[in-house]
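# Residue-level structural notes
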Amino acid sequence: MKLGVFDSGLGGIMIAKAIRDLLPNIDIVCLGDTMHMPYGNRSEGAIYTHTKAAMEYLFADQDCQLIVMACNTASASALRKLQQEYLPQANPGRRILGVVVPTIEYALDQGHKRIGLIGTNYTVNSNVYEEELQKINPDIEIFQVNTPLLVPLIENDGMEWVEGVLDRYIKPLLDKNIETLILSCTHYACLKDLIRQRYDIDVISQDEIIPIKLQDYLNRHPESMDLLSQNSAEEFYVTDLTDSYVRKAASFFDKGIQLSHVSTDKAA
Ligand code: DGL
């Protein structure tokens, strides 16, 4: 059985690459729902429908034992319902891991008390990070800005415009004297070096923490680890395939990869 990595778009490939670097043997299948991206501007109902169809595909057609839901928007919106309602009934014994709680745990482990966050409209407006943070430590303050222009710039080779856009988004957070900035979107991992240098701040980038959290999970859950096949295989699928996606996917994985088209609609 395989490890699934799911994202609304191509950003999940950066998380898959980071997982591959830490866990070189496990077989990974990475799915980007490019047909329905961006999730960040959609309704809860639409995000749930598309995310559930993607889970269904990864479990049924790809035989995934465990799925890392790398997409923050899907984690914020659909994860709890999928874990509580869909999984026990449709795929008992299999698991979906989100990124919100592991990211918060990491921020708190670092001792941060004033946390900034940038994410999609859905992730920020859902307030899921603040809610989860309050459950663990109500004394921590979180300051959030939705940054909807970043994903289109990243996906469309718009890096020459990104600095000005980042300035507008991040300056208000710096004015709040944040101690760290959570990049709460798969795609933002490719901005981490720029943000660290330009604003001289501590940055929490999920490609640096999710693989470690996954490794920790697998160590604590040998029943899952034992089911994962270990042939160092990698497969990459998108629900809509274009030449530009092929180029972008290769740059996100740091080497040429085979990107193939698949439909998840039958599972919706
Ligand atoms: N991948 C999504 C996330 O991590 C952002 C892109 C989108 O809006 O679909 O939130």
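Before reading on, note that the structure itself is shown above.
Residues numbered from 1 in each chain as written. Predicted model: local features only at pLDDT ≥ 70, side-chain atom pairs only at ≥ 80, totals over all residues. Heavy atoms only, no water.

The strand order across the open sheet formed by 4 strands is β6-β5-β7-β8, and the pairing between neighbours is parallel. The open sheet is flanked by β6 (141-146) and β8 (202-205), the only strands paired with a single partner. On average, each strand axis in the sheet is tilted by 25° relative to the strand beside it, whichever way the strands run. Two strands pair when backbone bridges link them, and strand β5 (residues 114-119) and β6 are joined in this way by 6 bridges, in the parallel orientation. The residue bridging G119 from the neighbouring strand is N146, located in β6. Each of β5, β7 (180-184) and β8 touches helix α10 (residues 192-199); the most contacted strand, β8, lies at about 170° to it. (Pairing = 2+ DSSP bridges. Helix = DSSP H or I, 4+ residues; strand = E, 2+ residues; numbered from the N terminus. Axes fitted to C-alpha atoms, helices over the stretch in contact; angles between N-to-C directions. Contact = heavy atoms within 4.5 Å.)

Quick look at the packing of helix α1 (residues 12-22) against helix α11 (residues 206-220) now. It is at 9 Å that the axes of α1 and α11 come closest, and there the two elements cross at 50°. Taken together, the axis directions place α1 and α11 in an arrangement best described as oblique. Handedness of the α1/α11 crossing: right-handed. Listed contacts from α11 to M14, I15, A18, I19 and L22 of α1 are Q206, D207, I210, P211, I212, L214 and Q215. Its residues assigned to classes, the contact of α1 with α11 comprises 9 nonpolar, 2 polar and 1 charged. (Parallel < 35°, antiparallel > 145°, perpendicular 65-115°, else oblique. Left-handed = near helix turned anticlockwise from the far one by under 90°. Nonpolar A, V, L, I, M, F, W, Y, C, P; charged D, E, K, R; others polar.)

Another point: the state of the cysteines. Across all of its chains, the model carries 0 disulfides by this definition. Its sulfur unpaired, C30 is 10 Å from the next cysteine sulfur, which belongs to C64. Its relative accessible area of 4% is what places C30 among the buried residues. Residue C190 stays outside any disulfide, its sulfur separated by 9.1 Å from that of C185, the closest cysteine. (Disulfide = S-S within 2.5 Å. Buried < 20%, exposed > 50% of the residue type's maximum accessible area, 1.4 Å probe, protein only.)

Quick look at the layout of surface pockets now. The computed volume of the largest pocket comes to approximately 680 Å³. For the lining of the largest pocket, the secondary-structure elements that each account for two or more residues are α2 (44-60), α3 (72-77), α4 (79-90), β4 (95-97), α5 (100-109), α6 (121-126), α7 (128-136) and α11. Ranked by residues supplied to the lining of the largest pocket, first place goes to α11 with 6 residues. (1 Å grid on protein atoms, 1.4 Å probe; cavity = no way out; pocket = protein on both sides within 12 Å on 5 of 7 lines; lining within 4 Å. Points joined across faces, edges and corners; volume = space filled by probe spheres on them.)

Taken together, 14 residues sit near the ligand, with D7, S8, Y39, G40 and T73 positioned nearest. Within the contact set of the ligand, an oxygen atom lies 2.7 Å away from a backbone nitrogen or oxygen of Y39. At 3.0 Å from an oxygen atom of the ligand is found a main-chain nitrogen or oxygen belonging to N72. In the complex, 99% of the free accessible area of the ligand, which totals 300 Å², lies under the protein chains. At a threshold of 2 Å from the grid points, most atoms of the ligand map onto the largest cavity. Classifying every residue of the shell around the ligand by side-chain character gives 6 nonpolar, 7 polar and 1 charged. (Near = heavy atom within 4 Å. Polar contact = N/O pair within 3.5 Å; in protein donor to acceptor, adjacent residues only side chain to side chain. Areas by Shrake-Rupley, 256 points an atom, 1.4 Å probe, with all protein chains shown as cover. Sits in = over half its atoms within 2 Å of the grid points.)

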